[in-house]
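Survey of secondary and tertiary structure
Below, each chain spelled out in residue letters.
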Amino acid sequence: MKAMIPFPDISPEIFTIALFGMEFSLRWYALAYIAGIVIGWRLVVAAVRRPHLWPNGTAPMDARAVEDLLTWVILGVILGGRLGFVLFYQPAYYLANPLEILQVWQGGMAFHGGLLGVVVACILFARKRGIPMLSVADALCMATPVGLLLGRIANFINAELWGRPTDLPWGVVFPTARAQDCPGIEGPCARHPSQLYEAGLEGLLLGAILLWMVWGRGALKRPGLVAGVFFAGYGLSRFVVEFVRQADAQFITPDNPMGYAWQMGQLGLSMGQILSLPMVVLGLVLIVRARRAGA
């Protein structure tokens, strides 16, 4: 019998309460969003309260401005994440059913779309407040990996966004019918726990590097450097994990069983990889620019 790990018996819901004949549940995914935002907010506040970390010994904003920025970021995540999912992954479906675009509670958020939403929010906020945009971007990028770590763990608990089938000993038998639909495999189908791969790379490792850069190496004194490392680090991590992550169902066809969004013969790239490549390029540009400016 092949070695594999059964999916742990963890409910997606932390608790459920009944009020006025209706049930309200707190789910791990919602808690991950809330905790990620709160922890990220406190990290940024801690950084702006230490002027010596910033260029010329002056923080670009105060703690109250960080609270205002938080509102902009939340709007950017929700609007950008939803529109990104609609445009990048299922444009034809939502073109035929436009009212469902507003039904965020039905699921369907894209990280790359949420990132674009936050970038736009960051630009608008910085221009309105007269704050250096790159320093705002550095602060947000320093705080983002903790949310990615918690969010990917929540994806695992929800038994969603799993990887391709594998015979490696750490393959996980996810319980959903779709996860067990593995052509050519008899018995339980174990898959890569790609959510945990991403949690480790995008969240834990990248977050540790950025915090070390900020608190141990004074990286915020070079505007754009932290943001550059984040963009390049996330893009590279996501690109690598996509090789073992199950493709989105809408891209899988009999002629394209791997679910490539761009295909050339037997080779191709997933949508996640296509969207990650510009992040790597942008990150490298920001890193080079910051190092030249600080030279």
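A quick note: this is a predicted structure, and the numbers were derived from the prediction, not measured.

Notes on the overall build of the protein chain
Helix and strand counts for the protein chain come out as 8 helices and 6 strands. When its helices and strands are written in sequence order, the protein chain yields β-β-β-α-α-α-α-α-β-α-α-β-β-α. Relative to the compact-globule value of 19 Å for 295 residues, the protein chain shows a C-alpha radius of gyration of 21 Å, a close match. Across its three principal directions, the C-alpha atoms of the protein chain cover 65 × 55 × 40 Å. The contacts in the protein chain between residues at least 6 apart in sequence include a share of 67% that link residues at least 24 apart. Within the structure as shown, the protein chain displays about 16100 Å² of accessible surface, and the carbon and sulfur contribution to it stands at 67%. The positive charge centre, built from 22 side chains, and the negative charge centre, built from 17, are 15 Å apart in the protein chain.

A look at the state of the cysteines
Chemically, a disulfide is nothing more than a covalent bond linking the sulfur atoms of two cysteines. Following the criterion strictly, the structure yields 1 disulfide and no others. With its sulfur 2.0 Å from that of its partner, Cys182 forms a disulfide with Cys189. Since a negative S-S torsion denotes a left-handed disulfide, the Cys182-Cys189 link at about -85° is left-handed. The thiol of Cys122 is unpaired, and the distance to the nearest cysteine sulfur, on Cys141, comes to 8.1 Å. Looking at Cys122, the relative accessible area reads 6%, which means it is buried. By relative accessible area, which is 6% here, Cys141 ends up buried.

Describing helix α4 (residues 111-129)
Compared with the 27 Å implied by 1.5 Å per residue over 19 residues, the 26 Å span of α4 between its first and last C-alpha is a close match. Within α4, burial applies to His112, Gly113, Gly114, Leu115, Gly117, Val118, Ala121, Cys122, Phe125 and Ala126.

Let's talk about the packing of aromatic side chains
Applying the stated criterion to the full structure yields 8 aromatic pairs. On the basis of an interplanar angle of 45° and a centroid distance of 5.4 Å, the ring pair of Phe7 and Phe156 is categorised as tilted. One end of the pair, Phe7, is in the loop between β1 (5-6) and β2 (13-19); the other, Phe156, is in helix α5 (residues 133-157), with 149 residues separating them in the sequence. The exposure class of Phe7 is buried, given its relative accessible area of 17%. Judged by relative accessible area, Phe156 falls into the buried class, the value being 11%. Each ring, one from Phe230 and one from Phe231, has its centre 5.8 Å from the other, and the planes form 65°; the classification is edge-to-face. Under the relative-accessibility criterion, Phe230 is labelled buried at 1%. The exposure class assigned to Phe231 is buried, which follows from its relative accessible area of 9%. Among the aromatic residues, those joined into a cluster by ring pairs are Phe7, Phe156 and Phe174. Against the face of Trp41 rests Arg42, its NZ or CZ located 4.8 Å from the ring centre.

Description of the packing of α4 against helix α7 (residues 225-241)
Following both chains from N to C, one finds α4 and α7 inclined at 170°, their axes separated by 13 Å at the closest point. Looking at the two axes, α4 sits roughly antiparallel to α7. Residues Phe111, His112 and Leu115 of α4 form the contact with α7, whose participating residues are Phe230, Phe231, Tyr234 and Arg238. Here the residues of the contact of α4 with α7 sort into 5 nonpolar, 1 polar and 1 charged.

Some thoughts on the pattern of salt bridges
Using the criterion set out here, one finds 8 salt bridges in the structure. One network of salt bridges, with partners in common, ties together Arg152, Glu198, Glu202, Arg238, Glu242 and Arg245.

Remarks on α5
Its 25 residues give α5 an end-to-end C-alpha distance of 36 Å, which sits within 8% of 36 Å, the value for a rise of 1.5 Å per residue. Of all 25 residues that make up α5, 18 are buried, and the element is covered over most of its length. Just past α5, the residue Ala159 takes up positive phi, approximately 55°.

Observations regarding unusual backbone geometry
One non-glycine residue with positive phi stands out, namely Asn56, at about 60°. As for its placement among the helices and strands, Asn56 is situated in the loop between α1 (28-48) and α2 (63-88). With a relative accessible area of 78%, Asn56 lands in the exposed category. A positive phi angle is found at Ala159, which is not glycine, with a value near 55°. Overall, the relative accessible area of 9% leaves Ala159 in the buried class.

Scoring rules and cut-offs
Residues numbered from 1 in each chain as written. Predicted model: local features only at pLDDT ≥ 70, side-chain atom pairs only at ≥ 80, totals over all residues. Heavy atoms only, no water. Helix = DSSP H or I, 4+ residues; strand = E, 2+ residues; numbered from the N terminus. Rg over C-alpha atoms; globule rule 2.2 N^0.38 Å. Contact = heavy atoms within 4.5 Å. Areas by Shrake-Rupley, 256 points an atom, 1.4 Å probe, with all protein chains shown as cover. Lys, Arg positive; Asp, Glu negative; His and termini not counted. Charge placed at Lys NZ, Arg CZ, Asp CG, Glu CD. Disulfide = S-S within 2.5 Å. Buried < 20%, exposed > 50% of the residue type's maximum accessible area, 1.4 Å probe, protein only. Expected span 1.5 Å × (residues − 1). Phe/Tyr/Trp six-rings, centres within 6.5 Å; stacked < 30°, edge-to-face > 60°. Lys NZ or Arg CZ within 6 Å of the ring centre and 35° of its normal. Axes fitted to C-alpha atoms, helices over the stretch in contact; angles between N-to-C directions. Parallel < 35°, antiparallel > 145°, perpendicular 65-115°, else oblique. Nonpolar A, V, L, I, M, F, W, Y, C, P; charged D, E, K, R; others polar. Salt bridge = Lys/Arg side-chain N within 4 Å of Asp/Glu carboxyl O.

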